[in-house]
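Tertiary structure, described
Below, each chain spelled out in residue letters.
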Amino acid sequence: MTVSDVVGATASKYDIGEQMCPHRLVLEHVTSRWGVLVLIELLDRPYRFSELRRAIGRVSEKMLTQTLQTLERDGLVHRDAKPVIPPRVDYSLTDLGREAAEQVRGLALWTEERMGEVQKAREVYDARKGGSDQG
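In what follows, the accompanying structure is described. This is a predicted model, so every value here is computed, not measured.

**Things to note about the overall build of the protein chain**
Scanning the protein chain for helices and strands turns up 7 helices and 3 strands. For the protein chain, the sequential pattern of α-helices and β-strands runs α-α-α-α-β-α-α-β-β-α. Scored against the burial criterion, the 135 residues of the protein chain give a buried share of 23%. A fraction of 42% describes how many contacts in the protein chain between residues 6 or more apart in sequence connect residues 24 or more apart.

What follows is the structure in structure tokens.
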């Protein structure tokens, strides 16, 4: 299966919205800057909001809230609000979320393993572009 099979063969298909390409929107949620980190972190264990925010680092309260709500709506994250004082809310992965998180973690691990090759490719590209007046 190719990327075109997954997200559509032409650029116009990217613009037709959630109703026609709902898989594209889910892909955006799963692979977003904070979505990736939330999914990978929740693979280890359930987290309270503040614990998850500290574990991820550099994410605003607003962005983490939005990310968790989006992933919950997509059926990837479970929000468990316990009726205690003070209120306690735990976040964990659903079975669907665990499946998605494993895929995302695989890509993250591949990135770590191949970073040296990526860096070399960047250096070659930058040297080639730096020595040429054409873009």
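**A short note on the pairing of strand S2 (residues 77-82)**
Residues in a regular strand point their side chains to alternate faces of the sheet. Bridge analysis of S2 against strand S3 (residues 88-93) gives 6 bridges, and the strand direction is antiparallel. Bridge pairing in S3 links Lys 82 to Arg 88. Linking S2 to S3, which pair antiparallel, is a turn of 5 residues.

**Quick look at the packing of helix H3 (residues 22-31) against helix H4 (residues 33-44)**
At a closest axis distance of 5 Å, the pairing of H3 and H4 adopts a crossing angle of 70 degrees. In this view, H3 runs roughly perpendicular relative to H4, as classed from their interaxial angle. Residue-level inspection shows His 29, Val 30 and Thr 31 of H3 in contact with H4, the latter providing Arg 33, Gly 35, Val 36 and Leu 39. Its residues placed into classes, the contact of H3 with H4 shows 3 nonpolar, 3 polar and 1 charged.

**Things to note about the nonpolar core**
Judged by nonpolar contacts, the single largest core of 21 residues is most densely connected at Val 38, Leu 42 and Leu 52. Elements that contribute at least two residues to this core include exactly H4, helix H5 (49-56), helix H6 (61-73), S3 and helix H7 (95-130). Element by element, the count of residues in this core is highest for H4, at 5 residues. Every residue in contact with Leu 52, bar those within four places of it in the chain, is listed here: Val 38, Glu 41, Leu 42, Tyr 47, Leu 64 and Leu 68.

**Side note on the packing of aromatic side chains**
Given two aromatic rings, one states the distance between the centres and the angle between the planes to describe the pair. Per the counting criterion, the structure on display carries 0 aromatic pairs. Against the face of Tyr 47 rests Arg 45, its NZ or CZ located 3.9 Å from the ring centre.

**Side note on the pattern of salt bridges**
All chains considered together, the criterion is met by 7 salt bridges. Residues Glu 28 and Arg 24 are paired through a salt bridge, measuring 3.3 Å at the closest nitrogen-oxygen approach. Here Arg 24 and Glu 28 lie together in helix H3, a separation of 4 residues that amounts to about one turn. Classification of Glu 28 as partly exposed rests on a relative accessible area of 35%. If you follow the salt bridges from partner to partner, you end up with Asp 80, Lys 82, Arg 88 and Asp 90 in one network.

Conventions we followed
- Residues numbered from 1 in each chain as written.
- Predicted model: local features only at pLDDT ≥ 70, side-chain atom pairs only at ≥ 80, totals over all residues.
- Heavy atoms only, no water.
- Helix = DSSP H or I, 4+ residues; strand = E, 2+ residues; numbered from the N terminus.
- Buried < 20%, exposed > 50% of the residue type's maximum accessible area, 1.4 Å probe, protein only.
- Contact = heavy atoms within 4.5 Å.
- Pairing = 2+ DSSP bridges.
- Axes fitted to C-alpha atoms, helices over the stretch in contact; angles between N-to-C directions.
- Parallel < 35°, antiparallel > 145°, perpendicular 65-115°, else oblique.
- Nonpolar A, V, L, I, M, F, W, Y, C, P; charged D, E, K, R; others polar.
- Core = buried A, V, L, I, M, F, W, Y, C linked by side-chain atoms within 4.5 Å.
- Phe/Tyr/Trp six-rings, centres within 6.5 Å; stacked < 30°, edge-to-face > 60°.
- Lys NZ or Arg CZ within 6 Å of the ring centre and 35° of its normal.
- Salt bridge = Lys/Arg side-chain N within 4 Å of Asp/Glu carboxyl O.

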